[in-house]
Each structure stands twice: as C-alpha cells, then as structure tokens.
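# Working through the structure, step by step
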Amino acid sequence: MAEIFPFGLSASFFIAATAMFVLFALMGLWAAEWMTRRQRLRSVVGGRSHRQGDAAEPGAGKPRARLIRFMRAVVASISFVKDKQAKAIKGEMYRAGLRSRDAIIVYAFLKITLPVAGAVAGFFGLQIFFADYATPLLQISAVLACSLAGSYLPDLYVKRRARSRNASILETLPDALDLMVICVESGISLDSALERVSKQIAKSSSALSDELAYTGLELRFLPERRIALNNLIDRADLASVRALVNTLTQSERYGTPLAKALRLLAREQRSERMMRAEEKAARLPATMTVPLIVFILPALFVVLLGPAGLNIVDSLSR
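Position numbers for residues start from 1 in each chain and track the written sequence from start to end. Where totals are concerned, whole chains, interfaces and linings use all residues; where local detail is concerned, this predicted model gives features only for residues with pLDDT of at least 70, and gives and counts side-chain atom pairs only at 80 or more. Water and hydrogen atoms play no part in the side-chain values, which are based on all heavy atoms of the structure.

## A word on the environment of Leu190
Put simply, the rule is: Starting at the N terminus, helices and strands are each numbered in turn, a helix being any DSSP run of H or I of at least four residues and a strand any DSSP run of E of at least two. Burial here depends on accessible area, computed with a 1.4 Å probe over protein chains only, as a share of the maximum for the residue type. Under 20% is buried, over 50% is exposed, and the range in between is partly exposed. In what follows, residue pairs with any heavy atoms lying within 4.5 Å of each other are defined as contacts.
Mapped onto the elements, Leu190 comes out in helix H6 (residues 190-200). Taking the relative accessible area as the measure of exposure, Leu190 reaches 11% and is therefore buried. Sequence separation of Leu190 and Leu248 is 58 residues, and the distance between their C-alpha atoms is 9.0 Å. Leu190 has contacts with Met180, Leu219, Arg225, Leu248, Glu252 and Leu258, leaving out every residue within four places of it along the chain.

Pasting the structure below:
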C-alpha cells in the first residue's frame, strides 16, 4: 500500500503528526488555564475564610508543599535557570500576574518535564493509532514535534496570560482614571486614591485592580515614590501606563494640578480606546473573507445550484 500510494500515505502521516501536535498543545493550555482558575478560586475562598476567622484545616497545604519541594529539588539538581535568566523570567511572570515566589520553580519544572512527557505521548500515540505505518522517520518527527510543543507550552501560557492582562488594563484604564480624578478632587491622597480605585474596579478588571493596589502598597513602604511608579511600568509595560506614571511623577515633582492632568489623560485614553475599536471594525471585512470563502460560499452554492444541477441530471437521464 505504501508503494502504491506513497504521496497519500506521507500526507496522512503529516496530517496525523500535525493533529497530535495541536491536540497536545490545546490540552496543555486547557490544563494550565484550569489550574490557574482553581488556584485563584482557592485564594479567594481562603481569604474570605481568613477574614471570617475560620481555622484552616490541618494538613490542607501539605500535598502542595511536598509537590513544590519536589519541583525545587528537580530544578536545583539540573540547574536549569541561571541568575540572569531567572530575572528575565521573573519579569515576564510579573507582567503575566504570576507573583508567587514558587512561580519560577513551577515554570522551570514544566520546561524540563513537558518536553519529555510530550515525546513519550507522541511515541505511544503513534504506536497505538498508526502502528502499521510507523516508519523510523515518522516516529522521530512525531517525537520531536510533541517534545517541541511541550517545551513551548509554558512560554505560550505566560505570553497569552500577559497579553490578556494588558488588554484588560487598556480597556479599564480610562474608567479608573475618572475615579482617580474624583478621589483627588475630594482631597484624598494618591496612596488612598489608588487603594480605593483598585477596590471599585475589581469586578471590571482584576488585573488593573491588582496593579493599582500593589502600587499603592509600594508607595507607602518604599523609600522613594519614583521606584514604586517605575515598578508599575515594569509590571505593565504599556504606553498608557507610562503616560499615567509620567503624569504622576510630573505632578509630584513640579506641583502641577493632578486632577486636571488626570482628566486630560482619561480623555486621551478614552479616545485611543475608541480608535482601537474603530480599527478592529475596519479590519473585520478582511478578517471575515477567509471564513466566508471556506465555510459560507460552498454552502450557498450548494443551496442555490444544487436543485438546478439535480434537474439537469434528471433531464439528461431521461
């Protein structure tokens, strides 16, 4: 069969390897997203129980602590992450909202284990579903593809999470600036204003709420306020956030009216948000061209030309 249909067989192998690669990547993203939601839910429930005075269950965190210790031992034995790499990875995780002290340990452990798990899954999947056609070249290609997918999954998850947080911050920042204007005009200090605004916009954007609350804490405890504002830029590297930090810095340095500057900045941010929405609407016809050609036009041709074709075939057969 391989000699009769060499091209079709190689094409089927390529399609199978590509499908395994995509399936493994999607399963990894789904598992990472599910773990993140579960951890966030546990943190919220744990914070509520702590505020209510409930005692924590004894031994509730022992399995997780053992798992973290195991991951730390594996990463330390391999020496996967160096100091410079750890600093760069930590910056990316801060931008993605992963501020746990064990986040870099989990990241390094997944970077080590997921390529091996992907290679094993690709090999056994090929042996189970395509055992009759599994040539050595196909086995090597499938193992390398699945291993590459496993190695890229942690980076893909961190970048996807950072992109989602940046989009949420850009969407909610004008409303947060309006709330800050109200707080500043009422005589509240900048630290208290950031804390109050972070509580008010928590339902709209948890990402911006966390960043503003964290910045408010740093403004109170760090020796220089400039360092706290620069840390906000490092955690959310966006042009809108840089403009906000520059406005706050100039207001503190030169004594310019903060409420007026924030009002102008909110107006500019809202105009930019409207421009981004108009750009998306302008790109919509070009984006819908391929789905229209691939999915809608064939069905339309079948509906319009199908009855005429059947009538022609019927008349010719008679």
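## Details of the packing of helix H5 (residues 136-185) against helix H7 (residues 206-221)
Put simply, the rule is: A fitted line through C-alpha atoms serves as each axis, taken over the contacting stretch for helices, and the angle formed by two N-to-C directions is quoted from 0 to 180°. Here roughly perpendicular refers to angles of 65 to 115 degrees, roughly parallel to angles under 35, roughly antiparallel to angles over 145, and oblique to all remaining angles. When residues are grouped by polarity, Ala, Val, Leu, Ile, Met, Phe, Trp, Tyr, Cys and Pro land in nonpolar, Asp, Glu, Lys and Arg in charged, and all others, Gly among them, in polar.
Viewed as axis vectors pointing N to C, H5 and H7 meet at an angle of 70°, and their least axial separation amounts to 7 Å. The angle between H5 and H7 places the two elements in the roughly perpendicular class. Of the residues in H7, those touching H5 at Arg165, Ser168, Ile169, Thr172, Leu173 and Ala176 are Ala207, Leu208, Asp210, Glu211 and Leu212. Among the residues making up the contact of H5 with H7, the classes are represented as six nonpolar, two polar and three charged.

## Some details on H6
To keep things clear, this is the line we draw: Each direction from the helix axis to a C-beta atom contributes to the arc, which is the arc of those directions.
Within H6, the full set of buried residues consists of Leu190, Asp191, Ala193, Leu194, Val197 and Ser198. All buried residues of H6 project into a common sector of 165° when viewed along the axis, lining one side. Exposed residues lying more than 90 degrees from the buried face of H6 are Lys199 and Gln200. The inward-facing, buried residues of H6 contact H5, H7, helix H8 (225-235), helix H9 (239-254) and helix H10 (258-287).

## Some thoughts on the confidence of the model for the chain
The line we're drawing: Confidence per residue, as judged by the predictor, is encoded in pLDDT with a range of 0 to 100.
Counting all residues, the mean pLDDT for the chain is 77, and 77% of those residues have values of 70 or more. Long-range and interchain partners of residues 43-60, a stretch whose pLDDT sits below 50, account for one contact in this model, where long-range means more than four residues apart.

## As for the packing of H10 against helix H11 (residues 289-317)
Contact geometry of H10 with H11 gives a least axis separation of 5 Å together with a crossing angle of 35°. Listed contacts from H11 to Pro285, Ala286 and Thr287 of H10 are Thr289, Val290 and Pro291. Class assignment for the residues of the contact of H10 with H11 results in four nonpolar, two polar and no charged.

## Concerning empty space enclosed by the protein
This is how it is decided: Think of a 1 Å grid over just the protein atoms. A cavity is a set of points where a 1.4 Å probe fits yet cannot get out, a pocket is an open set with protein on both sides within 12 Å along at least five of seven lines, and lining residues have an atom within 4 Å of a point. Grid points are joined across faces, edges and corners, and a volume is the space filled by probe spheres set on the points.
Evaluation of the coordinates by the stated rule reveals one cavity of 30 Å³ or more. Estimates place the volume of the largest cavity at around 40 Å³. Every residue along the wall of the largest cavity is listed here: Leu173, Leu208, Glu211, Leu212, Leu232, Val241 and Leu244. Looking at the lining of the largest cavity, the elements with two or more residues in it are H7 and H9. In terms of residue count, H7 provides more of the lining of the largest cavity than any other element does, three residues in total.

## Let's talk about H9
Spelled out, the test is: Multiplying 1.5 Å by the residue count of a helix minus one yields the expected span of that helix.
Here H9 is 16 residues long and its end C-alpha atoms lie 22 Å apart, about the 22 Å a rise of 1.5 Å per residue gives. Against the buried residues of H9 lie H5, H6, H8 and H10. Following H9 by one or two positions, Gly255 has its phi on the positive side, about 75°.

## Structural notes on the pattern of salt bridges
As a reminder of what qualifies: Put simply, a salt bridge is a Lys or Arg side-chain nitrogen that is within 4 Å of an Asp or Glu carboxyl oxygen.
Counted according to the given criterion, the structure contains 14 salt bridges. Here Arg226 and Glu224 are joined by a salt bridge, their closest N and O atoms 2.8 Å apart. By relative accessible area, Arg226 is classed as partly exposed at 44%. On the basis of relative accessibility, which here comes to 38%, the residue Glu224 falls in the partly exposed class. Each of Arg165, Glu211, Glu218 and Arg235 takes part in a single network of salt bridges with overlapping partners.

## Looking at the side chain of Thr172
Residue placement: Thr172 occurs in helix H5. A relative accessible area of 6% means that Thr172 is categorised as buried. Setting aside anything within four residues of it in sequence, one finds Thr172 in contact with Ile201, Ser204, Ser205 and Leu208.

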